[in-house]
Amino acid sequence: MKMNPRCTYCLLSRVHFQSKLSTDDEDLISKTIKECLKVVTKNYSPDVVSASVATKVHRKCYEVLEDNDPYAVTKKLIDQAALKVLPVAKENIYKNSPDNGELFRRAVLASVIANYFDFGIMGFDASEDKFEAAFQKYFEQGLGVDDTPKMLGLMQDVVYIADNCGEILFDTLVFDIIKKLGGKITLVVRGGPILTDVTLEEVREFDIDKKVDRVLTTGSNAVGVLIEEAPAELLQAMKDATLIISKGMANYETLSEHNFGAIAYMLLTKCECVAEDLGLEKDLSIAKLMNYP
């Protein structure tokens, strides 16, 4: 996905948000905004990938703040909130003993709704006290785009590219169904802290590595999956996969620029630009299969 003019102020809003997480020093916050604004000015173009510019901006932000993980405390809070709502999700998924197809659809829906755990997006409130109510609301609405029936026949070798903390706990509900259907799972997480994204630290903390066949990283702390920074092992895994599942908007922004075969974008369209790029409305829960014959 290419950069949209609206990406600029949303990106700077996020810089301000995470700067305030890191420090109360208003002079440092102002300096950080100024330096990040220079990066936006230098790199902005309607021909560049939005997440590529976002990566440069966030790296500059962390550098000026001298903080390699401004969301460290926030991520712990997100995990705690997710753990509280996880039993509600399981109850909704397994209610009335559905068949495997319906189980998979419900698990995907729950995991997509958990994409709501994204603190710092301009105008988006993902506070803990509102998440359970939001979960029920979105679960009742269902998937705005539901390609899960097509996905069922592609489960042999799945590369699952994760997104946020908290959300990853709901992804394990999808892992359970994929394994039940006989599929293999390669889980992919960020190679270093960026925003609220999952890293190996969270995977090991919650023993998520035991629910999949192997865990790889994107090779860096880039926003999304920057192919130029991705390890050869990851690129080969994506090439060989019968299905790539891509969670969240940043992964869409980067992967939509490439052709790796069948790929299911599972996300909540929180951003107008992403929604428009997908040809969809804002605030939909989607499981959209692309590059599929």
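Residues numbered from 1 in each chain as written. Predicted model: local features only at pLDDT ≥ 70, side-chain atom pairs only at ≥ 80, totals over all residues. Heavy atoms only, no water.

Here's the deal with the side chain of Thr254
Argument step 1. The residue Thr254 is located in helix α11 (residues 249-255) in this model.
Argument step 2. A distance of 3.1 Å separates a polar side-chain atom of Thr254 from the backbone oxygen of Asn251.
Argument step 3. Leaving out residues up to four positions away in the same chain, Thr254 has contacts with Val49, Ala51, Val223, Gly224, Val225 and Leu226. (Helix = DSSP H or I, 4+ residues; strand = E, 2+ residues; numbered from the N terminus. Polar contact = N/O pair within 3.5 Å; in protein donor to acceptor, adjacent residues only side chain to side chain. Contact = heavy atoms within 4.5 Å.)

Comments concerning the sheet that holds strand β6 (residues 263-268)
Argument step 1. Strand order in the open sheet made by the seven strands is β1-β7-β6-β5-β2-β3-β4, with mixed pairing throughout. The sheet terminates laterally at β1 (145-146) and β4 (214-217), the two strands that pair on one side only.
Argument step 2. In terms of strand pairing, strand β5 (residues 243-247) meets β6 through four bridges, oriented parallel. Paired with Ser246 across the strands is Tyr265, a residue of β6.
Argument step 3. Helix α10 (residues 232-240) rests against β2 (157-161), β3 (184-189), β4 and β5 of the sheet, and its axis sits at about 120° to β4. (Pairing = 2+ DSSP bridges. Axes fitted to C-alpha atoms, helices over the stretch in contact; angles between N-to-C directions.)

Quick look at helix α1 (residues 5-22)
Counting along an α-helix, one turn takes 3.6 residues, and residues three or four places apart therefore face a common direction.
Argument step 1. For α1, with 18 residues, the first-to-last C-alpha span of 27 Å sits near the 26 Å given by 1.5 Å per residue.
Argument step 2. Listed as buried for α1 are Cys7, Thr8, Leu11, Arg14, Val15, Gln18 and Ser19. Taken down its axis, α1 places every buried residue within 135° of arc, on the same side.
Argument step 3. Residues of α1 that are buried in the fold lie against α2 (26-43), α3 (50-65) and α12 (272-277). (Expected span 1.5 Å × (residues − 1). Buried < 20%, exposed > 50% of the residue type's maximum accessible area, 1.4 Å probe, protein only. Arc of directions from axis to C-beta.)

What about the environment of Lys239?
Argument step 1. By the element assignment, Lys239 lies in helix α10.
Argument step 2. Residue class for Lys239 comes out exposed when judged on its relative accessible area of 62%.
Argument step 3. Each C-alpha atom, one on Lys239 and one on Tyr62, is 33 Å from the other, the two residues being 177 residues apart in sequence.

A word on unusual backbone geometry
Argument step 1. We note that Asp207 has phi near 55°; this positive angle belongs to a residue other than glycine.
Argument step 2. Counting through the fold element by element, Asp207 comes out in the loop between α9 (200-205) and β4.
Argument step 3. According to the relative accessible area criterion, Asp207 is partly exposed, its value standing at 38%.

Considerations on the packing of helix α4 (residues 72-94) against helix α8 (residues 167-180)
Argument step 1. It is the contact of α4 with α8, at a shortest axis distance of 8 Å, that shows an interaxial angle of 35°. Facing Asp79, Ala82, Leu83, Val85, Leu86, Ala89, Lys90, Ile93 and Tyr94 of α4, the residues of α8 in contact are Leu169, Phe170, Leu173 and Ile177.

Describing the domain arrangement of the chain
Argument step 1. The assigned domain composition of the chain is domain 1 (3-63) and domain 2 (70-288).
Argument step 2. Between domain 1 and domain 2, the C-alpha centre-to-centre distance is 25 Å.
Argument step 3. For the domain 1 and domain 2 pair, buried surface summed over both sides reaches about 1,900 Å², with 61% attributable to carbon and sulfur atoms.
Argument step 4. On the domain 1 side of the interface with domain 2, the three residues burying the most area are Arg14, Arg59 and Tyr62, jointly 33% of the side's total.
Argument step 5. Counting across the domain 1 and domain 2 interface gives three salt bridges. (Domains from an automatic or database assignment. Buried area = accessible area lost by both parts, 1.4 Å probe. Salt bridge = Lys/Arg side-chain N within 4 Å of Asp/Glu carboxyl O.)

Digging into the confidence of the model for the chain
Argument step 1. Of the residues in the chain, 96% have a pLDDT of 70 or more, and the chain-wide mean is 93.
Argument step 2. Predicted confidence is poor over residues 120-126, with pLDDT under 50, and the contacts of this stretch with residues over four places away or in other chains come to 18 contacts. (pLDDT = per-residue confidence, 0-100.)

Remarks on the state of the cysteines
Argument step 1. Per the counting criterion, the structure on display carries zero disulfides.
Argument step 2. With no disulfide of its own, Cys36 has Cys61 as its nearest cysteine by sulfur position, at a separation of 4.7 Å.
Argument step 3. Taking the relative accessible area as the measure of exposure, Cys61 reaches 0% and is therefore buried. (Disulfide = S-S within 2.5 Å.)

As for a negative patch on the surface
Argument step 1. Residues Asp24, Asp25, Glu26 and Asp27 make up a contiguous surface patch of negative charge.
Argument step 2. In this fold, Asp25 is placed in the loop between α1 and α2. (Patch = residues over 30% accessible without salt bridge, like charges linked within 9 Å, V, L, I, M, F, W, Y side chains within 5 Å. Areas by Shrake-Rupley, 256 points an atom, 1.4 Å probe, with all protein chains shown as cover. Lys, Arg positive; Asp, Glu negative; His and termini not counted. Charge placed at Lys NZ, Arg CZ, Asp CG, Glu CD.)

Comments concerning the pattern of salt bridges
Argument step 1. Scanning the entire structure with this criterion turns up 18 salt bridges.
Argument step 2. Members of the salt-bridge network, linked through shared partners, are Arg6, Glu272 and Glu276.

What about the environment of Leu284?
Argument step 1. Mapping Leu284 onto the fold places it in the loop between α12 and β7 (285-290).
Argument step 2. For the pair formed by Leu284 and Val145, sequence separation is 139 residues and the distance between their alpha carbons is 7.9 Å.
Argument step 3. Look past the residues within four positions of Leu284 in its chain and what remains in contact with it is Gly144, Leu267, Leu268 and Thr269.

Focus: the pairing of β2
Argument step 1. Taken across its five residues, β2 has four buried, putting it largely inside the fold.
Argument step 2. Examined bridge by bridge, β2 and β3 share five bridges and lie parallel to one another. When the sheet's bridge partners are listed, Ile161 is paired in β3 with Val188.
Argument step 3. For the handedness criterion, the β-α-β arrangement of β2, α8 and β3 is classed as right-handed.
Argument step 4. With four bridges joining them, β2 and β5 adopt parallel strand pairing. Bridging from a neighbouring strand, Ile161 pairs with Ser246 of β5. (Right-handed = clockwise from strand over helix to strand, strands pointing away.)

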